[in-house]
Amino acid sequence: MEENEKKEEKSGRKKAIKNFAIVFVIALLVLTFFSNTIMNHSLPEVSTTTVSSGSVSQKVRCQGDVETAKDVELTVSGDRVVKEVLVESGDEVKKGDVIATFDEAENPELKRAEDELRTLEIAHQKNMIKLDPSYEEDYAELEKYRVAIEDAEKGVRKAKENEASTVYSKEQLEAKKQEMLNQQSVVNELQGQFDVLAESYGYTEKLEVIAAKEKELEEIPARIKALQGEIEDLNDKLNQEKTSLSLFTDPNDPDADHIYENIESIEGSIEKANEELTIISGDVYTQELQQEIDDLKYEIKDVTAVAQSLVEEKAQLADLEAEIEAASTADPTAVSVEDAEKALKTAQETYETKLRAIESKKKQDDIQQQKDDIDMKKEMDDLEAKRKEVQKLKDHDDTANIVAPNDGIITNITMKDGEKVAANTTVATIQLAESGYEVSATVSKSDGRLIRVGDEAAIENVWSQDASAVVKSIKPDPNDPNKNVVVKFEVKGSDISVGQTLQFAVGEKSQKYDTVVPNNAVKEDTTGNFVLVVKVKSTPLGNRYTVKKVEVKKLASDTTKCAISGDVSEYDNVVTNASKRLENGQQVRLSEKQ
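Everything numeric here is computed off the predicted structure, so don't read it as measured data.

The rules behind each value
- Residues numbered from 1 in each chain as written.
- Predicted model: local features only at pLDDT ≥ 70, side-chain atom pairs only at ≥ 80, totals over all residues.
- Heavy atoms only, no water.
- Helix = DSSP H or I, 4+ residues; strand = E, 2+ residues; numbered from the N terminus.
- Buried < 20%, exposed > 50% of the residue type's maximum accessible area, 1.4 Å probe, protein only.
- Areas by Shrake-Rupley, 256 points an atom, 1.4 Å probe, with all protein chains shown as cover.
- Pairing = 2+ DSSP bridges.
- Phe/Tyr/Trp six-rings, centres within 6.5 Å; stacked < 30°, edge-to-face > 60°.
- Axes fitted to C-alpha atoms, helices over the stretch in contact; angles between N-to-C directions.
- Parallel < 35°, antiparallel > 145°, perpendicular 65-115°, else oblique.
- Left-handed = near helix turned anticlockwise from the far one by under 90°.
- Contact = heavy atoms within 4.5 Å.
- Nonpolar A, V, L, I, M, F, W, Y, C, P; charged D, E, K, R; others polar.
- Patch = residues over 30% accessible without salt bridge, like charges linked within 9 Å, V, L, I, M, F, W, Y side chains within 5 Å.
- Salt bridge = Lys/Arg side-chain N within 4 Å of Asp/Glu carboxyl O.
- Lys, Arg positive; Asp, Glu negative; His and termini not counted.
- Charge placed at Lys NZ, Arg CZ, Asp CG, Glu CD.
- Expected span 1.5 Å × (residues − 1).
- Arc of directions from axis to C-beta.

Student: Kindly report on the overall build of the protein, identifying the contributing residues and their values.
Tutor: When its secondary structure is counted, the protein shows eleven helices and 23 strands. The 594 residues of the protein split such that 26% are buried. Entry remark: accessible area of the protein is about 39,700 Å², with carbon and sulfur atoms responsible for 50%.

As C-alpha cells, this is what we get:
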C-alpha cells in the first residue's frame, strides 16, 4: 500500500511539472505576442505604393492676362504749345487721324538736323578732293641709283679685264710672244702639208662632189613626193583626154587626131616618171649614192685629218695673239678691282636704302589710306544717317499737329489744351489693333527648362477652334530671377480679348518609362533625390518591414507622377507618406488603410 502511495505521489509530481511547463509556455507566448503588438504600435506607420511602368507628360501649366502685343508712345520732336486735344482715352483712331494741334512755330529739330547735314556734306566734299599719293619722283631717283649700279658693275668687269691683261711681267710677255711664234711655225707647217695634200687629192673638188651627193641624198624623199604628184597630175590629164575622145562618134574623125597625139605624149611622160620613181625609191639607188659619198670621204681622209689639226692649231694661235694683245694694250692708270668692287657695293647699298625708304613710305601711305577709308566710311554712314534723320523729321513734321501712325485705341493722353510740352515727351499712347495679343506667365525655373521658344501651347479654358498660342520668349523673372522665369505667349483667336485670363499647358508630349512613382514618393535632401524602398523579412511571429534609402534621378514629371532611375525596379514598394521622419534601415509598420 505504501508502494502504491509512493507511485501516486511520484505520478502527481510529474503531472504538476507538466502542467507548470504548459502554463509557462502559454504565458511566454502570450507575453511575446503582447510585446510584439505593443512594439508594432510604437513603430512609424507608412503608406506605400508599387513602382510601375507608365507614361509621364512633362507639360507645364500656367496662366496670365491677355495684353496687346505692342503699344506706340507718341512724342513731339520739339517744344510745343498745345492748341487743341482732339481725342480722349479709349477713343478708337485710324492711321493719319489728328490727335492734337499745336500753335504754329518753326521746327528747331528739323532746322538743326538740316544745318548738321549741310556741315557734313561740305566736309565730305573737301575730303573727296584729297589726291592719291604719288611716287613718280621717288622711282625716278631710284632709277638713277639703278643705272649707277650698272655703271659700277661695268667698272668691276673693266678692272678685272685690265688686271688680267697686266698679269704678265716683261719676261713672261716675251715668253708668250716666243710661244706665239712657235705656234705660228706649227700652223705654217701644217698649212704647207694641207696645201700639198689638198692639191694632190683634189680635196676641194671632192668636197664639192660630196656636198652635192649628200644634198641629193637628202632630197630623195622630196623628189619621190614630187614625182608622185607629177604622175597623179598626168593621170588626171590622161583621163580628161580620154573623156574628150569618147565624145567623138567616129574614131577616124580628123579632129580626133590631136587628142590621140596628146594621149600618146601623156602616156610616155607617165612611163618616164614611173621609171624615175622606181629608180630613186629603191634601196639600191640610195645605197649606191651613200657608198659613193663614203668612198670619196675615205679617199680624202688623210687630208681631212690634217685640216682638223690645222683648225685646232690656228685656234691656239688666236688665243695666244689675244692674250698678248690684251697685255700690250692694258691701261696702267685704270681703277683697281678692289676700288671698283667698293664702288659697286656703295651703289648697291644706296639703291637698297632708297628702295626701303620708298617701301616704308608706301606702307605708311597704305596705313593712312586704310585710316582714311575707315574715316570716309564713318563719314558716309554719318551722312546717310543724317539724311535719313532729316527725311524722317520732314515726313513726321509735327510743328502743326500730331497724327496717329497706325490704327488702334488711345490708352493714355498726357497733354491738355494750352499746355506747353517739351521735346521727346510722351503725349499719348496708342494700343495697336493689328499687333495681335500676348500673355505673360510666371513659372518656376525648373519648369522653364521644359519649355522651348516656338513650342505650341494648348489654351485650356478657351474652346474656340481658331484659338492658338506659341511660346514667344522665355526670360528671367525680374522680381525673382534665381527661382522663376517669365514665359511670353503669342496668342491668336476670335474669342480672345484684352484683359482675359488664359490658362496654358505647354511642354513635351507623353513618354513611357519603366519606373514611375507618385510625386510624393520622391524625397530630397542635401545629397539629392531619393526614395524609401520597403524591405520585407519573414519571422516566426510574422513579417518585419524596414525601409532602405535609395538615391534616384528624376527623368520626367508631371502634376502627379515622376519617372525615376536608380537602384529601383518595377513592383518595388516605396513609401509615399509616414507618421514620422524615417531613417535608413528603420523598422516600420504598414498602414492598415492600404
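Student: Got a sec to walk through the sheet that holds strand E11 (residues 426-432)? Specific residues and values, please.
Tutor: One open sheet accounts for four strands, arranged E4-E11-E9-E6; its pairing is antiparallel. In this open sheet, the two strands that pair with only one neighbour each are strand E4 (71-75) and strand E6 (92-93). Sheet analysis places E4 next to E11, joined by five bridges and oriented antiparallel. Within E11, the residue paired with Leu 74 across the bridge is Ala 428.

Student: Which residues make up the packing of aromatic side chains, and what values do they have?
Tutor: Taken as a whole, this structure holds two aromatic pairs when the rule is applied. A centroid spacing of 5.4 Å and a plane angle of 80° characterise the contact between Phe 194 and Tyr 203, whose relative ring orientation is edge-to-face. Like Tyr 203, Phe 194 is buried. Between Phe 489 and Phe 504 the ring centres are 4.2 Å apart and the planes differ by 10°, which places this aromatic pair in the stacked class. Taken together, the residues Phe 489 in strand E15 (residues 484-492) and Phe 504 in strand E16 (residues 501-507) connect sequence positions 15 residues apart. Residue classification places Phe 504 among the buried positions, given a relative accessible area of 0%.

Student: Which residues make up the packing of helix H5 (residues 203-218) against helix H8 (residues 283-299), and what values go with them?
Tutor: For the pair H5 and H8, interaxial distance at closest approach is 10 Å and the crossing angle is 155°. Comparing the axis directions of H5 and H8 gives the class roughly antiparallel. Crossing of H5 against H8: the hand is left-handed. The residues of H8 that touch H5, namely those facing Lys 206, Val 209, Ile 210, Lys 213, Glu 214, Glu 216 and Leu 217, are Tyr 285, Thr 286, Leu 289, Gln 290, Glu 292, Ile 293, Leu 296, Lys 297 and Glu 299. In terms of residue class, the contact of H5 with H8 is built from seven nonpolar, two polar and seven charged.

Student: I'd like a rundown of a negative patch on the surface, residues and numbers included.
Tutor: A cluster of like negative charges, contributed by Asp 255, Asp 257, Glu 261, Glu 264 and Glu 267, occupies part of the molecular surface. Relative to the helices and strands, Glu 264 is located in helix H7 (residues 257-280).

Student: Before we move on, can you summarise the sheet that holds strand E5 (residues 80-85) with the specific residues and values?
Tutor: The strand order across the open sheet formed by four strands is E8-E7-E5-E10, and the pairing between neighbours is antiparallel. Each having just a single partner strand, strand E8 (401-403) and strand E10 (420-421) make up the two edges of the open sheet. Of the pairings in the sheet, the one linking strand E7 (residues 98-102) to E8 comprises three bridges and is antiparallel in character. Bridge assignment links Val 98 to a residue of E8, and that residue is Val 403.

Student: Could you give an account of the pairing of strand E1 (residues 45-50), naming the residues involved and the relevant values?
Tutor: Remember that side chains alternate between the two faces of the sheet whenever the strand is regular. Bridge analysis of E1 against strand E23 (residues 587-590) gives two bridges, and the strand direction is parallel. Pairing of Glu 45 across the sheet is with Arg 589, part of E23.

Student: Would you mind going over H5 in detail, with residue names and values included?
Tutor: Helix length check: H5 (16 residues) gives 22 Å between terminal C-alpha atoms against 22 Å at 1.5 Å per residue, within 8%. Of the positions making up H5, those classed as buried are Tyr 203, Ile 210 and Lys 213. Mapping the buried residues of H5 onto a view down its axis gives an arc of 90°, with all of them on the same face. Counted as exposed and oriented over 90 degrees from the buried face of H5: Glu 208 and Lys 215.

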